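An overview of the molecular structure
So the chains spell out like this:
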Amino acid sequence: MYKSKHTLPLVIIGVIVAALTAAQALLIDWLPPAASEQAGRTSTLLTFLFWSSAVFFVLITTVIIYSVWKFRAPKGDMSDGPPIHGNTKLEIVWTAVPSVLLVVVAIYGYIVLERNEAVAADALKVDVYAQQFAWSYGYPGTGIQTGVLVVPQGRQVELHVRARDVIHNFWVPEFGIKGDAVPGIDHVLWINPTTLGTYPVVCSELCGVGHSVMRSKVEVVTPAAFQTWLTKSKAGIAQGTTQSGAAATAANAPGNVAAGKTVFEAKCGGCHAGLGTEAGGVGPQLKGLPHTLAGVTMQITNGKGLMPGGLVSGTDMDNVAAYVMSIN
Ligand code: HEC
Ligand SMILES: [Cu+2]
């Protein structure tokens, strides 16, 4: 019934805008592959939101482009346009359609949130500590403190995110989850890892001069590998505290440079570039500085300036100090 001279140009413009929009939508990898149940749900929701927005974007842009071109004022025309007083039918349509869409989005969003935050009875609790400019993780009841988050595949992880200084934000893009780390608040996030692999942990809240290097890693391993890792780490701690030199393996004996390099990568690499051998990080290049073992140990224990103290202790401390001495 609205077949008019406007139809054909509108359709042509619409097809062009739709093609450009679809090309952008489809050619760019907007999201990393989902590695958790939560990420699967959130990306489906995002895809739904994206395509709903794309449809309206195409409709509205098409009408705007056509109107700007077709109904522009002729040169020299300084008069007002013809007075138009509302259009009830149109107004009902543009109120009703977005209202329905908003209700749909609200319900869908609620369902996703509810499922993403469903707590499993056997959830693994892990403490996440954010500080300028490093992440560290603790496994309650085990004494394990690490610079890399290790979690088992297929079991829910309950992360208790806390900040030691200013506000940070814990974000693993592949998990589809992020959450603020706020001083004084225990912010709980739930993740059900589905895919084995190593993913980046990113701070996504501007937290100071080292914000962009505040990164760490999360490793999703098989449940069996996780058990092995737990047992090994616990044994390492026992050896570290009891100083039972005889039982210490070469890999975690005090002053082991190779083990220290691993510690350095996890705890110090965010600020000291190139594993301490390069300039350009928040912290200075360590290679080539006239260090003494006592000085290095003191620096790590107490911190200085922007470098926080207490990042490592025990065997890790001996090893990382040995590593720093080795690159002198
Ligand atoms: C949050 C960023 C950050 C982290 C993490 C960090 N450092 Fe530093 N580091 C610094 C800064 C900044 C300095 C310079 C401090 C100053 O002199 O004001 C520094 C200085 C040092 C120095 C002294 C260099 C000199 O001038 O002699 C050593 C040694 C050192 N860091 C080792 C480490 C080790 C080992 C770790 C890991 C346990 C580590 N740092 C973690 C930022 C960091
Ligand atoms: Cu941060």
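The structure under discussion appears in the preceding block.
So, here's what we can say about the structure.

Calculation rules
- Residues numbered from 1 in each chain as written.
- Chains lettered and ligands numbered in written order.
- Predicted model: local features only at pLDDT ≥ 70, side-chain atom pairs only at ≥ 80, totals over all residues.
- Helix = DSSP H or I, 4+ residues; strand = E, 2+ residues; numbered from the N terminus.
- Rg over C-alpha atoms; globule rule 2.2 N^0.38 Å.
- Contact = placed C-beta atoms within 7 Å.
- Pairing = 2+ DSSP bridges.
- Axes fitted to C-alpha atoms, helices over the stretch in contact; angles between N-to-C directions.
- Near = placed C-beta within 6 Å.
- Nonpolar A, V, L, I, M, F, W, Y, C, P; charged D, E, K, R; others polar.
- Parallel < 35°, antiparallel > 145°, perpendicular 65-115°, else oblique.
- Left-handed = near helix turned anticlockwise from the far one by under 90°.

Across its full length, the protein chain holds seven helices and 12 strands. Relative to a compact globule of 328 residues, whose C-alpha radius of gyration would be 20 Å, the protein chain shows 28 Å and is clearly more extended. Summarising its shape, the C-alpha atoms of the protein chain cover approximately 90 × 50 × 35 Å along the three principal directions. Partitioning the intrachain contacts of the protein chain with sequence separation of at least 6 by distance along the chain shows that 71% fall at a separation of at least 24.

What follows deals with the sheet that holds strand β1 (residues 124-131). Here we have five strands laid out as an open sheet, ordered β3-β2-β1-β5-β8, and mixed in their pairing. For this open sheet the edge positions go to β3 (144-146) and β8 (187-191), each flanked by a neighbour on one side alone. For this sheet the average axis-to-axis angle between neighbouring strands, irrespective of direction, equals 25 degrees. Pairing between β1 and strand β5 (residues 157-163): seven bridges, direction parallel. The residue of β5 that forms the bridge with Lys125 is Glu158.

This brings us to the site of ligand 1. With respect to spatial proximity, 28 residues lie near ligand 1, and among them Cys268, Cys271, Gly283, Gly305 and Met307 are the closest. Listing elements by their share of the shell around ligand 1, those giving two or more residues are α5 (257-267), α6 (293-302), β12 (307-308) and α7 (314-326). Its residues assigned to classes, the shell around ligand 1 shows 18 nonpolar, eight polar and two charged.

Between α6 and α7, the least distance of the axes is 10 Å, while the angle of their chain directions is 125 degrees. As the angle between them shows, α6 and α7 are arranged oblique. Here α6 runs over α7; the crossing is right-handed. Where α6 approaches α7, its residues Leu293, Val296, Thr297 and Ile300 are matched on the opposing element by Met317, Val320, Ala321, Val324 and Met325. Taken together, the residues of the contact of α6 with α7 sort by class into eight nonpolar, one polar and no charged.

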